[in-house]
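# Tertiary structure, described
Listed below, chain by chain, are the residues.
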Amino acid sequence: MGERNFRTIVALALAAALTWALFWFFYKPDSPPAFVGPPRSNYTLDSFTLNALDERGKLSFTVTAPALARRNDDGSLWVDAPDFLIAAQQGQPWKGQSQAAFINKDGSYLLLAGPVEMHREADANAGAARVETRDVDAYPKENRLQTAAAATITQPGSILRGTGMKADLNTHQLELLADVHASFAPKRKP
């Protein structure tokens, strides 16, 4: 190796060392993010009852279940095997069970997942009713329910089966959307 190559290598090494030294001299590391406050924790509950109220302080819905998990990223709740009650503005509430439930942060949406059974007792405003379906979207603040799955509505003297259902809990109307089949018990003669 000649003296000229040796000088070139030494000059390149000195230039690299000088560049490295200048980089670290002028480099300013990113400042850590500002501390905003303690993070909201995820949590789980066992054997709980949740009473959700509307804006006026009236009961909107109740969920009782063996387990609940809160998601930190959006504040939603996941519930295992809930027993639920959805209040109506007038008349009897709807009570029932599902395999699982999702509740959004403000309680305006519930997904009753898996098989769902719910019933309403008779009162002066509406007769008794039982609904068997699955994957129900419930909007307790609007008092309405819907599903795209097959549904069976049983009332005294009738059984209705269909695909898709909408329910308005304020007017006590249950509507099957497609492929509807009905069975009616014959009326007794006096």
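Residues numbered from 1 in each chain as written. Predicted model: local features only at pLDDT ≥ 70, side-chain atom pairs only at ≥ 80, totals over all residues. Heavy atoms only, no water.

### As for the overall build of the chain
Summing up its helical and strand segments, the chain has one helix and 10 strands in all. Along its sequence from the N terminus, the chain presents helices and strands in the succession α-β-β-β-β-β-β-β-β-β-β. On C-alpha atoms alone, the chain measures out to a radius of gyration of 31 Å, which is more than a quarter above the 16 Å that the 2.2 N^0.38 rule sets for 190 residues. Its C-alpha atoms put the chain at 125 × 40 × 25 Å along the principal axes. Out of the 190 residues belonging to the chain, those deemed buried represent 30%. In the chain, once contacts between residues fewer than 6 apart in sequence are set aside, the share between residues at least 24 apart is 36%. With an accessible surface of roughly 12800 Å², the chain has 57% of that area assigned to carbon and sulfur atoms. (Helix = DSSP H or I, 4+ residues; strand = E, 2+ residues; numbered from the N terminus. Rg over C-alpha atoms; globule rule 2.2 N^0.38 Å. Buried < 20%, exposed > 50% of the residue type's maximum accessible area, 1.4 Å probe, protein only. Contact = heavy atoms within 4.5 Å. Areas by Shrake-Rupley, 256 points an atom, 1.4 Å probe, with all protein chains shown as cover.)

### Considering the pairing of strand β1 (residues 43-53)
Two elements, β1 and strand β2 (residues 59-70), share 10 bridges in a ladder whose sense is antiparallel. For Y43, the partnering residue across the bridge sits in β2 and is R70. What sits between β1 and β2 in their antiparallel hairpin is a turn of five residues, with G57 showing a positive phi close to 90°. (Pairing = 2+ DSSP bridges.)

### Description of the pattern of salt bridges
For the structure on display, the rule yields eight salt bridges. Between K141 and E55 there is a salt bridge, with the nearest N and O atoms lying 3.2 Å from each other. Taken together, the positions of K141 in the loop between β7 (129-139) and β8 (144-155) and E55 in the loop between β1 and β2 put the pair 86 residues apart, joining distant regions of the chain. The class of E55 is exposed, set by a relative accessible area of 65%. Linking E142 and R144 is a salt bridge whose minimum nitrogen-to-oxygen distance equals 2.5 Å. Residue E142 is classed as partly exposed on the basis of its relative accessible area, which comes to 45%. Linked by salt bridges that have partners in common, E117, R130 and E132 make up one network. (Salt bridge = Lys/Arg side-chain N within 4 Å of Asp/Glu carboxyl O.)

### Remarks on the pairing of β8
Pairing analysis gives six bridges linking β7 to β8, with the strands arranged antiparallel. Its bridge partner lying in β8, R130 is registered against T154. Turn length for the β7-β8 hairpin, with the two strands adjacent in sequence and antiparallel, is four residues, and the turn residue N143 shows positive phi of about 55°. As defined by bridge partners, β8 adjoins strand β9 (residues 158-168) across 10 bridges and the pair is classed as antiparallel.

### Let's talk about the packing of aromatic side chains
The description of an aromatic ring pair rests on the distance of the ring centres and on the angle between the ring planes. For the coordinates displayed, the defined rule picks out five aromatic pairs. Ring plane angle 80° and centroid distance 5.2 Å describe the contact between F23 and W24, whose orientation is recorded as edge-to-face. Its relative accessible area of 46% is what places F23 among the partly exposed residues. On the accessibility criterion, W24 (49% relative accessible area) is partly exposed. Consider the rings of F102 and Y109, whose centres lie 6.2 Å apart with planes at 55°: the pair is tilted. (Phe/Tyr/Trp six-rings, centres within 6.5 Å; stacked < 30°, edge-to-face > 60°.)

### A few points about a nonpolar patch on the surface
A surface patch of nonpolar side chains, about 490 Å² in accessible area, is lined by L18, L22, F25 and F26. Assignment of secondary structure puts L18 in helix α1 (residues 3-26). In this structure L18 comes out as exposed when scored by relative accessible area, which is 53%. (Patch = residues over 30% accessible without salt bridge, like charges linked within 9 Å, V, L, I, M, F, W, Y side chains within 5 Å.)

Function cannot be read off these values alone, since they describe shape.
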